[in-house]
Amino acid sequence: HSPHTYSSQRKHMTLSRFRPWFYAAALYNLVWGLINIFFPHLFFELVGITPPEPIAIWQVVGMFVMVFAPGYWWAARFPEKYPHMIVIGLLGKLFGPVGFVWSVMQGDLPVVFGFTLLTNDLVWWPSFFLYLREVARMKGGWWVLFSGA
């Protein structure tokens, strides 16, 4: 084996441990998106708050979430090849809670709405961050990763 082949194999083995997380994220985003597209009142009934009007606004949120499913699936299949899909995903999972806190502080959302953050965002933070930390190390740093390399 050449050193390059060994390096590629080792990289694949190291990043492969994140594959179950990305497959789970793909499935979760697909299911969550479909539920909120086809049953848009369900979440609001479960937490006891009034849904937005028009309800199509919430259905669009479901579509936005669902759009991430293929990206997570690709990252799961080839974790050494698609780290930027996870960068984008983690950014969404960071900005979502920031937007939630802002909206609660402005009085636009009730705190109970935050239940959706637990499964949509917070549960994914450790695996996404640890994966990106490993990729950044392999690429030569965070700046290299964020530059698109």
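What you are looking at is a predicted structure, and each value in this text was computed from that prediction instead of being measured. (Residues numbered from 1 in each chain as written. Predicted model: local features only at pLDDT ≥ 70, side-chain atom pairs only at ≥ 80, totals over all residues. Heavy atoms only, no water.)

Asker: Even after reading the chapter, I still don't get the overall build of the chain, so can you show me in this structure?
Answerer: Tallying secondary structure elements over the chain gives eight helices and zero strands in all. When the helices and strands of the chain are listed from N to C terminus, the series reads α-α-α-α-α-α-α-α. Each of the three principal axes of the chain carries a C-alpha extent, and together these read 60 × 30 × 20 Å. Of all 149 residues assigned to the chain, the portion counted as buried reaches 35%. In the chain, the share of contacts with a sequence separation of at least 24, taken over all contacts with a separation of at least 6, comes to 69%. Per element, the accessible surface of the chain, about 9,100 Å² overall, is 72% carbon and sulfur. For the chain, the separation between the mean place of its 10 positive charges and that of its 6 negative charges on side chains is 23 Å. (Helix = DSSP H or I, 4+ residues; strand = E, 2+ residues; numbered from the N terminus. Buried < 20%, exposed > 50% of the residue type's maximum accessible area, 1.4 Å probe, protein only. Contact = heavy atoms within 4.5 Å. Areas by Shrake-Rupley, 256 points an atom, 1.4 Å probe, with all protein chains shown as cover. Lys, Arg positive; Asp, Glu negative; His and termini not counted. Charge placed at Lys NZ, Arg CZ, Asp CG, Glu CD.)

Asker: Could you clarify how one ought to interpret the pattern of salt bridges in this entry?
Answerer: Any two side chains of opposite charge can pair, so long as their charged atoms come close to each other. Counting across every chain of the model gives one salt bridge. Of the charged contacts in the structure, one is a salt bridge between Arg 137 and Glu 134, with a shortest N-O distance of 2.3 Å. With Arg 137 and Glu 134 both in helix H7 (residues 125-139), this residue pair falls three residues apart, about one helical turn. (Salt bridge = Lys/Arg side-chain N within 4 Å of Asp/Glu carboxyl O.)

The values are spatial; any link to function lies outside them.
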